[in-house]
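# Examination of the molecular architecture
Chain by chain, the residues run as shown.
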Amino acid sequence: MIDSEQRHRRLRRLTKQLNRERKQQAKKIDILCNDVITAHRDFIRKLNVISFTAAFYETIIGAIDLNSLLYSTIGLIKEEISDANITFFLKQAENFELHIFESAKPVTLGKQHLENCFNPELMDSICSSNRICTLDDMLGMGFQGNPTGLNRISAVTVPLGRTGFVLIYRSSMAPITADELSNISAVASGLSKAIQSCRELLHPAE
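This section reports on the structure supplied with the text. (Residues numbered from 1 in each chain as written. Predicted model: local features only at pLDDT ≥ 70, side-chain atom pairs only at ≥ 80, totals over all residues. Heavy atoms only, no water.)

### Focus: helix 2 (residues 66–80)
In a regular helix each residue adds 1.5 Å, so 15 residues correspond to 21 Å; helix 2 covers 21 Å between its end C-alpha atoms and thus fits that length. A distance of 3.3 Å separates the backbone nitrogen of Asn67 from a side-chain oxygen at the start of helix 2, and that oxygen is part of Asp65. (Helix = DSSP H or I, 4+ residues; strand = E, 2+ residues; numbered from the N terminus. Expected span 1.5 Å × (residues − 1). Polar contact = N/O pair within 3.5 Å; in protein donor to acceptor, adjacent residues only side chain to side chain.)

Here it is in structure tokens:
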């Protein structure tokens, strides 16, 4: 009788130990699988950036006209960010030159376009920040617009160094995501240099 009880106790201990080991093993497998999935996603994301960057430079190579360069860039941006309204704010000696490209689904602040809310001080602040700015960032810099209308817009600016910045916006029903911006940010430096080159060709130094 005692031997039988001892055997049962040992069997229960072994069963509990085996269950604990199985749970620990299952946790390790879950962690490993999650790490593999994360690594795979990061790898795919990097491949997408490389692919987009290659397509971008292939498209703009040899561009000597600013308008052609911007139109080509617009096409690539719209492939990444559908229904986007895009405006280039290019810095001049004392102001900014705007190049506006609306989508088939323009978004306005009532009767006012978003671009009309950018005063010289705000444009200088965005350009000087040299970072991606969200609508909240712009509001902190002095952006003034119709509060009701702002609720309908998802907007960001992408820096182009000393050249200026790009305003990208669309309906808040489809907020602009970090993944959508990653490819655009990857080519911002090259785009800035291409814009400068086109300007130098248009207005060569005397």
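### Topic: the packing of aromatic side chains
Ring pairs (aromatic) are described by centroid distance and by the angle formed between their planes. Applying the stated criterion across every chain yields a total of seven aromatic pairs. Taken together, Phe89, Phe96, Phe118, Phe143 and Phe165 form an aromatic cluster joined through their ring pairs. (Phe/Tyr/Trp six-rings, centres within 6.5 Å; stacked < 30°, edge-to-face > 60°.)

### Side note on the pairing of strand 1 (residues 85–91)
Taken across its seven residues, strand 1 has six buried, putting it largely inside the fold. Bridge count between strand 1 and strand 7 (residues 164–171): six bridges; the pairing is antiparallel. Opposite Thr87, over in strand 7, you have Leu167 as the bridge partner. In this structure, strand 1 lies alongside strand 2 (residues 96–101), joined through six bridges in antiparallel fashion. From the neighbouring strand, Leu90 faces strand 2, where its bridge partner is Glu97. Hairpin geometry of strand 1 and strand 2 is characterised by an intervening segment of four residues between the two adjacent antiparallel strands. (Buried < 20%, exposed > 50% of the residue type's maximum accessible area, 1.4 Å probe, protein only. Pairing = 2+ DSSP bridges.)

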